[in-house]
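# Architecture at a glance
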Amino acid sequence: MIKLLRVDHRLLHGQVAVSWFNSLDVNTILIANDAVAKDDFRKSAIRLAKPENAKLVMKSISDSVAAINSGVTDKYKMLVVVESVDDADRLIRGSKEKVAALNVGGTKPREGTINYSKAVNLTSEEAEKLAALEHDGVNVYLQQVLNETAEKFSKK
């Protein structure tokens with residue numbers, strides 16, 4: 001069961017590992033990202049941030065979707081973290097499990113991005129994908145840390 005799907009370009013770090021993990025009453029963190037799935041160095045670095053009481057799984061987007069759709073993840077209460085809006089869109093659209101909400105916590109500034117909050121910078125293509133997810137019933141909101149108020153996504 002997916003308790004939270006979060007976009008964070010840093011993937012697993014202190015905020016996610018401690019505050020989000022503990023507040024959500026989850027037992028598993030799934031890092032869904034194609035590049036990480038193939039990079040042993042990044043996997044090792046991510047493991048360093050894992051909470052002691054967490055199960056940590058790192059899979060490609062397609063393998064994550066396959067695991068979710070197969071039912072093998074049903075026994076877990078999961079925090080799923082993806083690196084990009086594109087990864088989130090692929091996971092949501094590929095999963096049979098209805099993802100009710102998408103937390104956009106951090107996307108780094110890049111050429112062609114518009115700043116949506118202090119930690120969220122989106123290209124027009126990413127904003128379109130988020131707007132389409134909203135249109136399809138996913139609650140898309142911006143919230144970097146728990147003590148900030150969640151801000152409903154609104155395309156600029």
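Before going into details, it helps to say that this report is about the structure given with it. (Residues numbered from 1 in each chain as written. Predicted model: local features only at pLDDT ≥ 70, side-chain atom pairs only at ≥ 80, totals over all residues. Heavy atoms only, no water.)

The next subject is the packing of helix H4 (residues 61-70) against helix H5 (residues 85-94). The relative placement of two packed helices comes down to the angle between their axes together with the axis-to-axis distance. Orientation of H4 relative to H5, taken along the N-to-C sense of each, is 30 degrees, at an axis distance of 9 Å. In terms of axis orientation, H4 runs roughly parallel to H5. The element H4 and its partner H5 pack so that their crossing is right-handed. Touching Ile-61, Ser-62, Ser-64, Val-65, Ile-68 and Asn-69 of H4 are Asp-87, Arg-90, Leu-91 and Gly-94, all from H5. Class assignment for the residues of the contact of H4 with H5 results in four nonpolar, four polar and two charged. (Axes fitted to C-alpha atoms, helices over the stretch in contact; angles between N-to-C directions. Helix = DSSP H or I, 4+ residues; strand = E, 2+ residues; numbered from the N terminus. Parallel < 35°, antiparallel > 145°, perpendicular 65-115°, else oblique. Left-handed = near helix turned anticlockwise from the far one by under 90°. Contact = heavy atoms within 4.5 Å. Nonpolar A, V, L, I, M, F, W, Y, C, P; charged D, E, K, R; others polar.)

Two numbers describe how H5 lies on helix H6 (residues 124-135): the axes approach to 10 Å, and their chain directions differ by 30 degrees. With respect to each other, H5 and H6 are oriented roughly parallel. Crossing of H5 against H6: the hand is left-handed. For the pair formed by H5 and H6, the contact residues are Val-85, Asp-86, Asp-89, Ile-92 and Arg-93 on the first element and Glu-126, Lys-129, Leu-130, Ala-132 and Leu-133 on the second. Along the lines of polarity and charge, the residues of the contact of H5 with H6 split into five nonpolar, no polar and five charged.

Once that is clear, we can look at unusual backbone geometry. Negative phi characterises most residues that are not glycine, and trans characterises most peptide bonds. Phi angles above zero are rare outside glycine, and Leu-11 is one such case at about 60 degrees. Within the element layout of this structure, Leu-11 appears in the loop between strand E1 (2-8) and helix H1 (14-23). Unlike most non-glycine residues, Asp-25 shows phi in positive territory, near 55 degrees. Inspection of the secondary structure assignment puts Asp-25 in the loop between H1 and strand E2 (28-32).

The next point concerns the sheet that holds strand E8 (residues 139-142). Read from one edge of the open sheet, seven strands run E3-E2-E4-E1-E5-E8-E9, paired in mixed fashion. The open sheet has two edge strands, strand E3 (55-59) and strand E9 (151-152), and neither has a second partner. Looking at chain direction, E1 and strand E4 (residues 78-82) are connected through five bridges and run parallel. Bridging across to E4, Leu-4 finds its partner in Leu-79. Its contacts with the sheet put H1 on E1, E2, E4 and strand E5 (101-106), and the angle it makes with E1 is roughly 155 degrees. Running over the sheet, helix H3 (residues 40-48) touches E2 and E3 and is turned about 155 degrees from E3. (Pairing = 2+ DSSP bridges.)

Let us look at H6. An α-helical turn contains 3.6 residues, so any two residues separated by three or four positions project in the same direction. The terminal C-alpha atoms of H6 lie 16 Å apart, and with twelve residues this matches the ideal 16 Å at 1.5 Å per residue to within 8%. When H6 is considered as a whole, its buried residues turn out to be Glu-126, Ala-127, Leu-130, Leu-133 and Glu-134. Viewed along the axis of H6, the buried residues span an arc of 120 degrees, placing them on a single side of the element. Opposite the buried face of H6, by more than 90 degrees, sit the exposed residues Ser-124, Glu-125 and His-135. Just downstream of H6 lies Gly-137, where phi reads positive at about 100 degrees. (Expected span 1.5 Å × (residues − 1). Buried < 20%, exposed > 50% of the residue type's maximum accessible area, 1.4 Å probe, protein only. Arc of directions from axis to C-beta.)

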